[in-house]
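Report on the structure
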Amino acid sequence: MAISLLAGWLAHYDPIHRGWTIAGIANGVCATNGFCFARIRGGYNLRRTRDGESAVELVGAAGADARTVTTFPWVRHEAGAGYTYRLAAVGGGGVENNFLEVSARASFDAQGEWRGPRPNAPSDLNVTPIGGGRFLLRWVYSEGSQQVAPAEFRVYRGIGWSGVDYGQAVAVVPYRAGRPHGNWISQPFAHGTRVVWAVRAASAAGVEEDNARTAWGWSIALPPPINPTIIVRCVEDRRDRG
């Protein structure tokens, strides 16, 4: 959809000063009829998106000296839903810094209660088939910006092409604080079995994050042949030997 040059310029230079936009109302710009930004020291805008949706909703705002930002009184959380919140700083001229925003995710149970803080998701999941039909799983955990430290890692698997079964963990690996690298060795599988693996972090309160990263491999339970077949044949050499 085409936009006018004026609209494009306003979106870049003057996103809040227009007063009666959602962001303008949240920051009190409507009180000045859009002629100036009321928060001359800047502030913060809190937005969120619901899991599975792309719509972005402005749910809170605060001034430059605020230590906490709360959602507006009319904002509600649906039972069983999850949301990603993003906090962006607003300069004294009313321009938001969306490049350095910070984010956090919150999920709610079937009764509408917050499940609690969640640890970060493990990254760099790697699966290596080792001797005897077993697998070596390795992953990395970063504590940066975590809501809560994990107490354990839960290992899930899927056999063949059916995908990972997250209904029951096949192993639990304790988290060692300060050690970013985790690993675990599986039980044996029959030779040539395709196994898909996933690892999720869980807090001491049992709150588990829900990353969907997976890695897979084929089990190796049999050694190569002791005496491989060697085939020799004669070929004609027509190169000029003169």
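Owing to the predicted nature of the structure, the values given are computational and were not obtained by experimental measurement. (Residues numbered from 1 in each chain as written. Predicted model: local features only at pLDDT ≥ 70, side-chain atom pairs only at ≥ 80, totals over all residues. Heavy atoms only, no water.)

Oppositely charged side chains can pair when the atoms bearing their charge come close. In the structure shown here, the tally under the stated rule is nine salt bridges. Residue arginine 105 is joined to aspartate 210 by a salt bridge in which the shortest nitrogen-to-oxygen separation is 3.4 Å. Remark: aspartate 210 occurs in the loop between strand S10 (194-202) and strand S11 (215-218) and arginine 105 occurs in strand S4 (residues 96-107); sequence separation between them is 105 residues. With a relative accessible area of 19%, arginine 105 lands in the buried category. (Salt bridge = Lys/Arg side-chain N within 4 Å of Asp/Glu carboxyl O. Helix = DSSP H or I, 4+ residues; strand = E, 2+ residues; numbered from the N terminus. Buried < 20%, exposed > 50% of the residue type's maximum accessible area, 1.4 Å probe, protein only.)

Turning our attention to the confidence of the model for the chain. On average, residues of the chain score 86 in pLDDT, and 88% of them reach the 70 mark or higher. The least confident element of the chain, judged by mean pLDDT, is helix H1 (residues 5-13) at 63; the most confident is strand S6 (residues 134-140) at 98. (pLDDT = per-residue confidence, 0-100.)

So, about the sheet that holds strand S9 (residues 181-185). Within the open sheet, the three strands sit side by side as S5-S6-S9. Their pairing is antiparallel. Edge positions in the open sheet fall to strand S5 (123-130) and S9, since each of these has one partner strand only. The mean inter-strand angle of the sheet, taken between neighbouring strand axes irrespective of direction, is 15 degrees. Here S6 pairs with S9 via five bridges, running antiparallel. Residue pairing in the sheet places valine 140 in a bridge with histidine 181 of S9. (Pairing = 2+ DSSP bridges. Axes fitted to C-alpha atoms, helices over the stretch in contact; angles between N-to-C directions.)

This part covers empty space enclosed by the protein. Over the atoms rolls a probe the size of a water molecule, and in doing so it shows where empty space is left. Taken as a whole and judged by the stated rule, the model has one cavity of 30 Å³ or more. The calculated volume of the largest cavity comes to roughly 30 Å³. Lining the largest cavity, in full, are Pro122, Ser123, Leu125, Val199, Asn211 and Arg213. Each residue belonging to the lining of the largest cavity can be placed in one class, and the counts come to three nonpolar, two polar and one charged. (1 Å grid on protein atoms, 1.4 Å probe; cavity = no way out; pocket = protein on both sides within 12 Å on 5 of 7 lines; lining within 4 Å. Points joined across faces, edges and corners; volume = space filled by probe spheres on them. Nonpolar A, V, L, I, M, F, W, Y, C, P; charged D, E, K, R; others polar.)

Position of arginine 48 relative to the elements: it lies in strand S1 (residues 43-50). When its relative accessible area of 7% is taken as the criterion, arginine 48 is described as buried. Within the structure, the side chain of arginine 48 is placed 3.0 Å from the backbone oxygen of arginine 76, a separation counted as a polar contact. Look past the residues within four positions of arginine 48 in its chain and what remains in contact with it is Ala55, Val56, Glu57, Val59, Val75, Arg76, His77, Tyr83, Thr84 and Tyr85. (Polar contact = N/O pair within 3.5 Å; in protein donor to acceptor, adjacent residues only side chain to side chain. Contact = heavy atoms within 4.5 Å.)

Time to look at the environment of tyrosine 85. Mapped onto the secondary structure, tyrosine 85 falls in strand S3 (residues 82-90). Placed 20 residues apart in sequence, tyrosine 85 and arginine 105 show a C-alpha to C-alpha distance of 6.0 Å. Setting aside its immediate chain neighbours within four residues, tyrosine 85 contacts Leu46, Arg47, Arg48, Val59, Thr71, His77, Val102, Ser103, Ala104 and Ala106.

Residue placement: arginine 194 occurs in strand S10. Aside from chain neighbours lying at most four places away, what touches arginine 194 is Gly158, Ile159, Gly160, Trp161, Trp216, Gly217 and Trp218.

In terms of nonpolar packing, the biggest core is built from 17 residues, with Phe135, Leu137, Trp139, Phe153, Val155, Trp184 and Trp197 touching the most fellow members. Contributions of two or more residues to this core are made by S6, strand S7 (152-159), strand S8 (171-174) and S10. Ranked by residues supplied to this core, first place goes to S10 with four residues. Ranked by size, the runner-up nonpolar core spans 13 residues in total, among them Leu46, Val75, Tyr83 and Tyr85. (Core = buried A, V, L, I, M, F, W, Y, C linked by side-chain atoms within 4.5 Å.)

What follows covers the sheet that holds strand S2 (residues 57-63). Pairing within the open sheet is antiparallel, and its four strands lie in the order S2-S1-S3-S4. For this open sheet the edge positions go to S2 and S4, each flanked by a neighbour on one side alone. Taking each pair of neighbouring strands and ignoring which way they run, the sheet shows an average axis angle of 25 degrees. Alignment of S3 against S4, held across eight bridges, turns out to be antiparallel. Paired with threonine 84 across the two strands is arginine 105, which belongs to S4.

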